Amino acid sequence: MTEESAALYVVPTPLGNLADLTRRAEEVLRTVPWVAAEDTRHSGTLLKQLGSPARTLPAHRHNENEAAARIVDKLQAGESVALISDAGTPGISDPGARVVAAVRAAGCRVVPLPGPCAATTALSASGLSDEHFLFYGFLPSKGGQRRQALEELRAYPCALVFYEAPHRVLETVADMAAVFGERRLVIARELTKLFESIHAGPLTAALDWLRADANRQRGEFVLLLSGATPGADDGEGERVLKLLLDDGLPVRQAAKLAAAITGAAKNALYDKALALKG
Ligand code: SAM
């Protein structure tokens, strides 16, 4: 690599199947003098398999600022650096964003390579027909905060994509069922690996499905939920409507407010309010 071409290459690496490394990623990893890696030992194995002579430097969430400064120094000295994480695309629920920001701020080139990412891999096989999706990544690990985060997502009319660890998958799916009621859930597990499985079905049945076989709770997970249907009432509209009516609001105003709060259809709530009032 010449001085003029020095760049930070953001390089996705396989999720589990080495054959998913792109030819371009392989070429970059073989030719750059430096590879900044989340875990240098883990990535050392990959570089060895590729026969890459690159030297590694650590860039993980606990040293990202110092790593960024070192990387900028290398680039300014005319040496290219490839940034990789343990698996998938750097910066996607992984360290990388701070390094990229620092490199840009220093006026150096950032070259992203397309490649493996668990979220898009799962989404492509989910069969969810939502036109849009929201990538959330990891939910909070504490139950209360997780339910709160899910509540905030309840009205979003797009597919929701989450990452989850095996020891939390049951409780997270239970919280999803409590917050979202009936939705379609896709559980994508161990993508590109030997025990890959993709299960799709009603959210409320997912807990039983997961519990039925302990192996279904093992490995790495992407959880994908279909989005809210604008105007549909999942029970929340009626619940809020009743509260407002009980508080003495007139039928029309209660229906209007309940629709505005929950996203449920106003006319249907109005009819319901009339029925409730007898
Ligand atoms: N940067 C990565 C990417 O581009 O997907 C994600 C890194 S994040 C630290 C790791 C999480 O991604 C796992 O806990 C899991 O939720 C998801 N993940 C990674 N590999 C996976 C796989 N093979 N199958 C399913 N989910 C996977």
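This one's a predicted model, so the numbers in the text were calculated from it and none came from an experiment. (Residues numbered from 1 in each chain as written. Predicted model: local features only at pLDDT ≥ 70, side-chain atom pairs only at ≥ 80, totals over all residues. Heavy atoms only, no water.)

### A word on the nonpolar core
Nonpolar side chains tend to gather and get buried jointly when the protein is soluble and globular.
Step number 1: Core analysis: the largest hydrophobic core is formed by 22 residues, its most contacted members being Phe162, Val173, Met176, Phe180 and Leu185.
Step number 2: Residue contributions to this core peak at six residues, all from helix α7 (residues 169-180). (Core = buried A, V, L, I, M, F, W, Y, C linked by side-chain atoms within 4.5 Å. Buried < 20%, exposed > 50% of the residue type's maximum accessible area, 1.4 Å probe, protein only. Helix = DSSP H or I, 4+ residues; strand = E, 2+ residues; numbered from the N terminus.)

### A look at the sheet that holds strand β8 (residues 184-189)
Step number 1: Reading across from one edge, β6-β7-β10-β8-β9 is the order of the five strands in this open sheet, with mixed pairing throughout. Each having just a single partner strand, β6 (133-138) and β9 (197-202) make up the two edges of the open sheet. Mean inter-strand twist for the sheet, computed between neighbouring axes without regard to direction, equals 15°.
Step number 2: Bridge analysis of β6 against strand β7 (residues 159-164) gives five bridges, and the strand direction is parallel. Across the sheet, residue Gly137 finds its bridge partner in β7, namely Phe162.
Step number 3: Contacts between helix α8 (residues 203-211) and the sheet are confined to β8, β9 and β10 (221-225), with β9 contributing the most and set at about 135° to the helix. (Pairing = 2+ DSSP bridges. Axes fitted to C-alpha atoms, helices over the stretch in contact; angles between N-to-C directions. Contact = heavy atoms within 4.5 Å.)

### Observations concerning the packing of helix α3 (residues 64-76) against helix α4 (residues 97-105)
Step number 1: Viewed as axis vectors pointing N to C, α3 and α4 meet at an angle of 40°, and their least axial separation amounts to 9 Å. By the angle between their directions, the pair α3 and α4 is classed as oblique. Handedness of the crossing formed by α3 with α4: right-handed. The residues of α4 that touch α3, namely those facing Glu64, Asn65, Ala68, Ile71, Val72 and Leu75, are Ala97, Arg98, Val99, Ala102 and Val103.
Step number 2: Each residue belonging to the contact of α3 with α4 can be placed in one class, and the counts come to eight nonpolar, one polar and two charged. (Parallel < 35°, antiparallel > 145°, perpendicular 65-115°, else oblique. Left-handed = near helix turned anticlockwise from the far one by under 90°. Nonpolar A, V, L, I, M, F, W, Y, C, P; charged D, E, K, R; others polar.)

### Concerning the site of the ligand
Step number 1: Taken together, 19 residues lie near the ligand, and Thr89, Ile92, Asp94, Tyr163 and Phe221 sit nearest.
Step number 2: One of the side-chain N or O atoms of Asp94 is found 2.8 Å from a nitrogen atom in the ligand.
Step number 3: Within the shell around the ligand, the residues separate by chemical class into eleven nonpolar, three polar and five charged.
Step number 4: Mapped onto the domain boundaries, the shell around the ligand takes at least three residues apiece from domain 1 (7-116) and domain 2 (119-225). (Near = heavy atom within 4 Å. Polar contact = N/O pair within 3.5 Å; in protein donor to acceptor, adjacent residues only side chain to side chain. Domains from an automatic or database assignment.)

### A look at the sheet that holds strand β2 (residues 34-37)
Step number 1: Taking strand neighbours across the sheet as the criterion, the five strands line up as β3-β2-β4-β1-β5 in an open arrangement whose pairing is parallel. Pairing within the sheet leaves two strands with one partner each, and these edge strands are β3 (55-58) and β5 (109-112). Averaged over all neighbouring strand pairs, the angle between strand axes comes to 25°, with direction disregarded.
Step number 2: Of the strand pairs in this sheet, β2 and β3 are connected by four bridges, and their pairing is parallel. Its bridge partner being in β3, Ala36 is matched across the sheet by Leu57.
Step number 3: Sheet contacts for helix α2 (residues 40-50): β2, β3 and β4 (81-84); angle to β3, the most-contacted strand, approximately 155°.
Step number 4: Each of β1 (7-10), β2, β3 and β4 touches α3; the most contacted strand, β3, lies at about 145° to it.

### Details of the pattern of salt bridges
Step number 1: Enumeration according to the criterion identifies ten salt bridges in this entry.
Step number 2: Notably, a salt bridge pairs Glu26 with Arg30, separated by 2.8 Å at the nearest N-O pair. With Glu26 and Arg30 both in helix α1 (residues 23-31) and four residues apart, this pair spans about one turn of that helix.
Step number 3: The class for Glu26 is partly exposed, based on a relative accessible area of 23%.
Step number 4: A residue is classified by how much of its surface remains accessible, and Arg30, at 39% relative accessible area, is partly exposed. (Salt bridge = Lys/Arg side-chain N within 4 Å of Asp/Glu carboxyl O.)

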